[in-house]
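# A closer look at the structure
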Amino acid sequence: VDVKSLFLFFFSPQVLLLACAEDLECVPGFQQKVFYIEKPFEFREDRLILNLKFDDCQGNNKLNFEVSNPDFRVELDGNLVALKNVSEVGRALFVHARSEHAEDMAEIFILEANEKRGALKEILKLEGSLGIPRQKRAILATPILIPENQRPPFPRLVGKVIRSEGTEGVKFRLSGKGVDQDPKGIFRINEMNGEVSVTRTLDREAIANYELEVEVVDMNGKTLDGPVRLDVSVIDQNDNRPMFKEGPYVGHVMEGSATGTTVMRMAAFDADDASTDNALLRYNILRQTPTKPSPNMFYIDPEKGDIVTVVSPALLDRETMESPKYELVIEAKDMGGMDVGLTGTATATILIDDKNDHAPEFTKKEFQATVKEGVTGVIVNLTVGDRDDPATGAWRAVYSIINGNPGQSFEIHTNPQTNEGMLSVVKPLDYEISAFHTLLIKVENEDPLIPDITYGPSSTATVQITVEDVNEGPVFHPNPMAVTKQENIPVGSVVLTVNATDPDTLQHQTIRYSVYKDPAGWLEINPTNGTVGTTAVLDRESPFVHNNVYTALFLAIDSG
């Protein structure tokens, strides 16, 4: 037969059979043993699926059909129908027919739509993919599909094992995990007719598949057929909500970023079967807070969960926003986002990061300061404004003196709490040298400005400093003074003349002198001209003389 005829055999079997029936002798059994049908959305109750023609060539007395799936039956006229609405069947059904004179087995393979459209060689591989050998089998144990979360009553019939050689005088025996191995007692088999039952509710997320073995034994327990593998698959029900397990979810995006910039990815988990729509997730933004400057600042890819910006770079301006922090309530819905899907939510926090797009500016062009001469320390705090984020180097200020400080008498440092510039005198100022100082101060940021922003005139300021005069004490020149004299010189002898000057040259003060310390009482000083003379005999051996040196202290006092 050529390929075209083979396709006719698979998809229009009755047509081929009718065309050839007149030329064939009666062969006992099913007139067609293999069927391929396309899986519908649902097998409807009592609706004809196909007709199975069985003929034992002697009248079909006592004809009986058995179907591997208890949700189906074959009527006496060979019509295969469902006993209820069924959506999950598996990949194959087996029908065993027995009459007084013959028995046979028919196989019905259930194909997805795309499989039916596939190449012939792929269809021919189907039986192998189901693990079903083509040779005749004594035990037929087709895979059983059981929905999870079934409600009582239990036990519930879920499948049937068929023995082609009949069941008289034999027993079916079932074993494996779920029968005689933990968890024990979930499945059992009717020893006499091979019907398989489940005794309790199943949870696919706990155990998705059971691999059992079935064999046929005689009444003494001796194995006659098998063991044969019986697969039980638990059909997933949508009983798990999507869950966001990796929170908190925090993303960052730079202000002014281009439209479509990816901020972060949200990923939810669904414990249902990943191969079904029960775990097929779709993402959506339920709410954005705040809603300005646009209620739709961001978009989430419904399949991937990627959050991206959708506003123009101009709207993504941190300094004009009500808040640089946005909170998005993200919903994940299974069933591919259909209304019947279960949902889970999480909050995504998006922070708009600052870039240095604003130069610092002094709050005024000129600052005033007054300092007493001879004093050091902070004399004035310079204030600046910067619209960038205070937590970043784009806001933190760096000050420098760019003019008016040749003697390095001034320094400026940044107050880390207020960002102000603290201008200090580090070398005492002299009123008599200069009563006024003018400094030019520049402010910059720790971080460089972005390329299209520059420091302008407002980033410099002038500081006018007035030095206040202080009444400074007179100064002796030199100090100390040394003079050598013989002991026992006459009383009234001139020893030396001291000289003191007043630093306050602009105040025109007078100076007078006096004795401060004269331990032996030998000396006196002229208060006007500073001449020091003796008032007693100088004695080298006096206890007030140490190493031939006698020390006395004098004061110079100005008129201020």
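Residues numbered from 1 in each chain as written. Predicted model: local features only at pLDDT ≥ 70, side-chain atom pairs only at ≥ 80, totals over all residues. Heavy atoms only, no water.

Overall, antiparallel pairing links the three strands, which are arranged S28-S32-S31 in an open sheet. The sheet is open, and its two borders are formed by strand S28 (377-382) and strand S31 (410-414), each paired with just one other strand. The sheet shows a mean angle of 25 degrees between the axes of neighbouring strands, taken without regard to direction. Relative to strand S32 (residues 421-425), S31 runs antiparallel, the two sharing five bridges. (Pairing = 2+ DSSP bridges. Helix = DSSP H or I, 4+ residues; strand = E, 2+ residues; numbered from the N terminus. Axes fitted to C-alpha atoms, helices over the stretch in contact; angles between N-to-C directions.)

In this section: the pairing of strand S33 (residues 436-445). Only one face of S33 is covered, namely the face carrying His437, Leu439, Ile441, Val443 and Asn445; the face carrying Phe436, Thr438, Leu440, Lys442 and Glu444 is uncovered. Note that strand S30 (residues 397-403) and S33 share six bridges and pair antiparallel. From the neighbouring strand, valine 398 faces S33, where its bridge partner is glutamate 444. With seven bridges connecting them, S33 and strand S34 (residues 460-468) associate as antiparallel partners. Bridge pairing links histidine 437 to isoleucine 465 in S34. (Buried < 20%, exposed > 50% of the residue type's maximum accessible area, 1.4 Å probe, protein only.)

To continue, consider the domain arrangement of the protein. Annotation of the protein at the domain level lists domain 1 (31-123), domain 2 (139-235), domain 3 (244-353), domain 4 (361-468) and domain 5 (471-559). Here the C-alpha centroids of domain 3 and domain 5 sit 90 Å apart. (Domains from an automatic or database assignment.)

Attention shifts here to the pattern of salt bridges. For the structure on display, the rule yields 22 salt bridges. Among the salt bridges present, the one from lysine 372 reaches glutamate 468, with a minimum N-O distance of 3.2 Å. One end of the pair, lysine 372, is in strand S27 (residues 366-372); the other, glutamate 468, is in strand S34, with 96 residues separating them in the sequence. A relative accessible area of 47% places lysine 372 in the partly exposed class. On the basis of relative accessible area, glutamate 468 is assigned to the partly exposed category, the value being 32%. For arginine 396, the salt bridge is made with glutamate 446, and the minimal N-O distance between the two is 3.0 Å. With arginine 396 in the loop between strand S29 (384-385) and S30 and glutamate 446 in the loop between S33 and S34, this residue pair connects regions lying 50 residues apart in the sequence. Its relative accessible area of 32% is what places arginine 396 among the partly exposed residues. The class of glutamate 446 is partly exposed, set by a relative accessible area of 45%. Where salt bridges share partners, they join Asp46, Arg73 and Glu75 into one cluster. (Salt bridge = Lys/Arg side-chain N within 4 Å of Asp/Glu carboxyl O.)

A few words now on the side chain of lysine 160. Mapped onto the secondary structure, lysine 160 falls in strand S12 (residues 156-160). Residue lysine 160 is classed as buried on the basis of its relative accessible area of 16%. Polar side-chain contacts of lysine 160 include one of 2.5 Å to the side chain of glutamate 66. Setting aside anything within four residues of it in sequence, one finds lysine 160 in contact with Glu66, Val67, Ser68, Pro70, Leu140, Asn193, Gly194, Glu195 and Val196. (Polar contact = N/O pair within 3.5 Å; in protein donor to acceptor, adjacent residues only side chain to side chain. Contact = heavy atoms within 4.5 Å.)

This next bit is on the UniProt feature "domain: Cadherin" (unreviewed entry) in the protein. Under the present numbering, the feature "domain: Cadherin" (unreviewed entry) in UniProt falls on residues 170-244, 245-362, 363-476 and 477-560. The span residues 245-362 is 0% helix and 40% strand, and its two end C-alpha atoms sit 49 Å from each other. Taken end to end, residues 477-560 has its terminal C-alpha atoms 20 Å apart, with 0% of it in helix and 31% in strand. (UniProt positions renumbered as here; feature names shortened; annotations may be inferred.)

Within the element layout of this structure, glycine 377 appears in strand S28. Residue glycine 377 is classed as partly exposed on the basis of its relative accessible area, which comes to 26%. Taking the C-alpha atoms as reference points, glycine 377 and valine 425, separated by 48 residues in sequence, lie 5.2 Å from one another. In this view, glycine 377 contacts Leu423, Ser424 and Val425; residues no more than four positions away in its chain are not counted.

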